[in-house]
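Given next are the chains, with one letter for each unit.
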Amino acid sequence: MKKICMLCLCILCFSCKGKKEEAKKVSAPEESTTIPETKDNLIQKESFQKIIDSASLKGSILLFDIKKERYYSNDFVWANTGKLPASTYKIPNSIIGLETKEVTDQNTIFKWNGKKRMFKSWEADLTLYQAFQRSCVPCFQEVARKIGVKRMNHYIEKFQYGTIKVDSANLENFWLTGKATITQFQQIDFLKRFQQEILPISKRTSAIVKEIMILKETENYVLRGKTGWSIDNDHHNGWFVGYIESNDQLVFFATNVEPTQKDFDQKQFQKNRKLITFKALERLFGMKL
């Protein structure tokens, strides 16, 4: 009788453990460990979907109110699905360049070799500030080469930045094509740690990168951010990430979208990444940007 009771107890314990593990699998995200553990922090916003639809896009706008510790989005599944970081990687790339002293400061100059580049604005000698603001890919490929594979992987792991593995074959373009991924939740988590100076970097580096990230500054707020655009196997994906600081608010954002129209309009796509984010911020927080 005692043996039977013990057997039943073991079966019951195993069953309960299995149910707990199954519950974890259902609730846990597949790609990100930075998504909130409680659904109370996730607020669905159908109005964001209407904003995205009006721009002929598909994807997700993710906003995070740090005071209320709440995330707002039209699509939390999309927001927790990894995408190529594209030029949003210029934020950590700048940080790593400064920390390794391969870049001196915001006035470090990248010499143009005189060859034709994708955009006319890249065909000049550019400072780090200008290269960041103009999103000059060749300039940051130069930074990546100087940093090298070993140190790049070291800092990516140290920063807990996405799911990225750098090698000698992809060092110059891993953020633009291939298997590197980061989710919108991970983007905000990284930016939050950066803004709050929790990242293991010097205050000098933090101050320089915060300066080059400024997109707009008024008496009422400072807007910092970075766009990104990748074309991998003719698949277009766009980012706009950053945060807004005002006297009484601090809001982080990470927008990731793709075009729905067959005829791709590059200029409109690049413009709409920002536009839909600003509309969402105005709709939710009354921020007029």
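Above this text you will find the structure in question.
Residues numbered from 1 in each chain as written. Predicted model: local features only at pLDDT ≥ 70, side-chain atom pairs only at ≥ 80, totals over all residues. Heavy atoms only, no water.

Observations regarding the overall build of the chain
Operational definition: Put simply, DSSP marks the helices as runs of H or I at least four residues long and the strands as runs of E at least two long, and each gets a number from the N terminus on. Think of it in three bands: with a 1.4 Å probe and only protein chains considered, a residue is buried below 20% of the maximum accessible area for its type, exposed above 50%, and partly exposed in between. Only heavy atoms matter for contacts: two residues are in contact if any of them lie within 4.5 Å across the pair. For the accessible areas, the method is Shrake-Rupley and the probe is 1.4 Å, while residue cover comes only from the protein chains on display.
Within the chain, the secondary structure is distributed over ten helices and nine strands. Per-residue burial over the chain gives 49% buried out of 289 residues. The long-range fraction of contacts in the chain, counting pairs at least 24 apart against all pairs at least 6 apart in sequence, stands at 63%. On the chain, roughly 15,700 Å² of surface is accessible, and the fraction owed to carbon and sulfur atoms is 51%.

Focus on the packing of helix 4 (residues 90-99) against helix 7 (residues 149-159)
Just so we agree on the cut-off: A fitted line through C-alpha atoms serves as each axis, taken over the contacting stretch for helices, and the angle formed by two N-to-C directions is quoted from 0 to 180°. In this scheme the handedness of a crossing depends on how the near helix is turned from the far one: anticlockwise by less than a right angle means left-handed, clockwise means right-handed. In the scheme used here, Gly and all other residues not listed as nonpolar or charged are polar, with Ala, Val, Leu, Ile, Met, Phe, Trp, Tyr, Cys and Pro taken as nonpolar and Asp, Glu, Lys and Arg as charged.
Relative orientation of the contacting elements helix 4 and helix 7 amounts to 120°, with a least axis distance of 11 Å. In this structure, helix 4 meets helix 7 at a crossing whose hand is right-handed. Note on element contacts: helix 7 touches helix 4 through Met152, Tyr155 and Phe159, opposite Asn93, Ile95, Ile96 and Glu99. Of the residues that constitute the contact of helix 4 with helix 7, the class distribution is five nonpolar, one polar and one charged.

Regarding the packing of aromatic side chains
Filter applied, for reference: Pairs were defined over the aromatic rings of Phe, Tyr and Trp, the Trp ring being its six-membered one, requiring ring centres within 6.5 Å. Orientation was assigned from the angle between planes: stacked under 30 degrees, edge-to-face over 60, tilted for the rest. By definition, being over a ring means that NZ of Lys or CZ of Arg is both within 6 Å of the ring centre and within 35 degrees of the ring normal.
Considering all chains together, one arrives at 19 aromatic pairs under this definition. On the numbers, 5.3 Å between centres and 40° between planes, the contact of Tyr243 with Phe252 is tilted. Of the residues examined, Phe252 reaches a relative accessible area of 0% and is grouped as buried. Here the aromatic cluster, defined as three or more aromatic residues joined through ring pairs, consists of Tyr89, Tyr155, Phe159, Tyr161, Phe174, Trp175 and Phe190. Above the face of the Trp78 ring, Lys83 is positioned so that its terminal group lies 4.4 Å from the ring centre.

These figures capture arrangement, not role.
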